[in-house]
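Observations on the model geometry
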Amino acid sequence: MTSKALQSFLEENITDLKERGLYNEIDPVQGANGPIINIDGKELVNLSSNNYLGLATDDRLKEVAKDAVDSHGVGAGAVRTINGTLDLHLELEKKLAAFKGTEAVISYQSGFNCNMAAISAVMDKNDAILSDELNHASIIDGCRLSKAKIIRFSHSDMDDLRAKAKEAVESGQYNKVMVITDGVFSMDGDVAKLPEIVEVAEEFDLITYVDDAHGSGVLGKGAGTVKHFGLQDKVDFQMGTLSKAIGVIGGYVAGKGELIDWLKVRSRPFLFSTAVSPADAVASTKAVDLLMESTDLNEKLWENSQYLKDGLKKLGFDIGDSETPITPCILGDEKDTQDFSKRLYEEGVYAKSIVFPTVPRGTGRVRNMPTAAHTKEMLDNALFAYEKIGKELGLI
Ligand code: PMP
């Protein structure tokens, strides 16, 4: 029997979310999450995945994953510190360290887990964390878990960061102070001002943490935002995910050997949660190999993004100031945005609407995520739908 308290909690809150239009309905995808997806028997151009390089469905990754199932089975069998560290996990970490140009890497089961793990392994209640106000939910949760004082600075506002860093450090209240930022912000596609952030960090002796979930595989010819700015020696934590450009699942921190050793003995998801499967580990390693061997996929991603951006701009849409493949089509009004996305679906394009409270009120947008796997024909079909609906709704 369900507890009455739970039942009324659920009823009240679900009704509230539904009334506010915030109750997320899930669209299950039948089959693979590639550039074309099938939802409810309908084929759609997929502009909503983070599968930037198309590796989630790449035959070369599938091949090694199948072999790993044969040689290693389907599960790691234990947490990393008991006997769940397989040769394949170590190969992945070694390869990632070479890719990132750092001394060592520790991998986790997801990017989300990684932020929860790494931040709280280093920061505690006697510390402070300066966090960009638009940082990802997993950063926010990782910061909360650490119990450090969280000091939010205005998005990419370096004057605000400097002032708050100065105040925190000069207060003498904290043992350590960290600055933490997304490398690429996923709603607008803008890039963190890392050179300035690093400058402030040097001035005030801040620990630096960059979540490069959307920069890895994308910026710096694939090596990420930190490499893009040539700051490999200046960032303590280079966090990344294996679930976006790499196409698989998992997360990691790249950094100095001593830091990674500490995370291996102190970060709780590493100590208490089973490692990713052999197939996941080997597929990620293969993806990193491919990125190190050639920049072809990375170049294709940028070419396709430019094509989509040029097309939308030519049609008269506002695509914001994205510096990365993330391509918001900013429509403003929340209802227009939701209607637009629904109409796109009917016309064979899957691109999600993002509205308040995920983005500020009046800046509703349909977010497009082009990948290296899209063909020009797919992108043309999407642009054709954008033109048709834009005219129909009187938005262009
Ligand atoms: N950080 C950022 C900036 C992200 O966008 C995401 C994924 N949405 C994550 C962390 C979490 O990564 P994962 O999906 O691998 O858990």
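Quick notes on the rules
- Residues numbered from 1 in each chain as written.
- Predicted model: local features only at pLDDT ≥ 70, side-chain atom pairs only at ≥ 80, totals over all residues.
- UniProt positions renumbered as here; feature names shortened; annotations may be inferred.
- Helix = DSSP H or I, 4+ residues; strand = E, 2+ residues; numbered from the N terminus.
- Rg over C-alpha atoms; globule rule 2.2 N^0.38 Å.
- Buried ≥ 20, exposed ≤ 12 C-beta atoms within 10 Å, placed from the backbone.
- Core = buried A, V, L, I, M, F, W, Y, C linked by C-beta atoms within 7 Å.
- Domains from an automatic or database assignment.
- Contact = placed C-beta atoms within 7 Å.
- Pairing = 2+ DSSP bridges.
- Axes fitted to C-alpha atoms, helices over the stretch in contact; angles between N-to-C directions.

The name an unreviewed UniProt entry assigns to the protein is 2-amino-3-ketobutyrate coenzyme A ligase, from the organism Lentibacillus halodurans. Quoted straight from UniProt, the Subunit (unreviewed entry) entry for the protein says "Homodimer." Quoted verbatim from the Sequence similarities (unreviewed entry) field of the UniProt record, the comment on the protein reads "Belongs to the class-II pyridoxal-phosphate-dependent aminotransferase family."

1. A few points about the overall build of the protein
When helices and strands are counted, the protein shows 15 helices and 13 strands. Its C-alpha radius of gyration of 22 Å places the protein within 12% of the 21 Å reference for a compact globule of 396 residues. Structurally, the protein occupies a C-alpha span of about 60 × 60 × 55 Å along its principal axes. In the protein, buried positions account for 49% of the 396 residues.

2. Description of unusual backbone geometry
Residue Phe356 is joined to Pro357 through a cis peptide bond whose omega torsion reads 10°. Tracing the sequence through the fold places Pro357 in the loop between strand S12 (353–354) and strand S13 (364–368). Look at Lys147: it is not a glycine, yet its phi comes out positive at around 70°. Structurally, Lys147 is set in the loop between helix H6 (137–146) and strand S5 (149–153). Residue classification places Lys147 among the partly exposed residues on the basis of 13 C-beta atoms within 10 Å. Not every positive phi belongs to a glycine, and Ser156 is a case in point at roughly 50°. In this fold, Ser156 is placed in the loop between S5 and helix H7 (158–170). Judged by the 20 C-beta atoms lying within 10 Å of it, Ser156 is buried.

3. Details of the nonpolar core
Core analysis: the biggest nonpolar cluster contains 85 residues, and Ala118, Leu130, Met178, Val179, Tyr252 and Val253 have the highest contact counts within it. At 8 residues, the largest contribution of residues to this core is made by helix H5 (residues 111–122). Residue contributions to this core reach at least three from each of two domains, namely domain 1 (21–50 + 296–392) and domain 2 (59–293). If near-sequence neighbours (up to four positions away) are discounted, Met178 is found in contact with Met123, Asp127, Ile129, Leu130, Leu206, Ile207 and Tyr209.

4. Focus: the sheet that holds S12
The 3 strands are arranged S10-S13-S12 in an open sheet whose pairing can be described as antiparallel. Looking at which strands have only one partner, the edges of the open sheet turn out to be strand S10 (327–332) and S12. In the sheet, S10 pairs with S13 via 5 bridges, with the strands oriented antiparallel. Within S13, the position partnered with Thr327 by the bridge is Asn368. Across the sheet, helix H13 (residues 296–315) is in contact with S10 and S13; its angle to S10 comes to roughly 20°. Across the sheet, helix H14 (residues 334–346) is in contact with S10, S12 and S13; its angle to S13 comes to roughly 30°.

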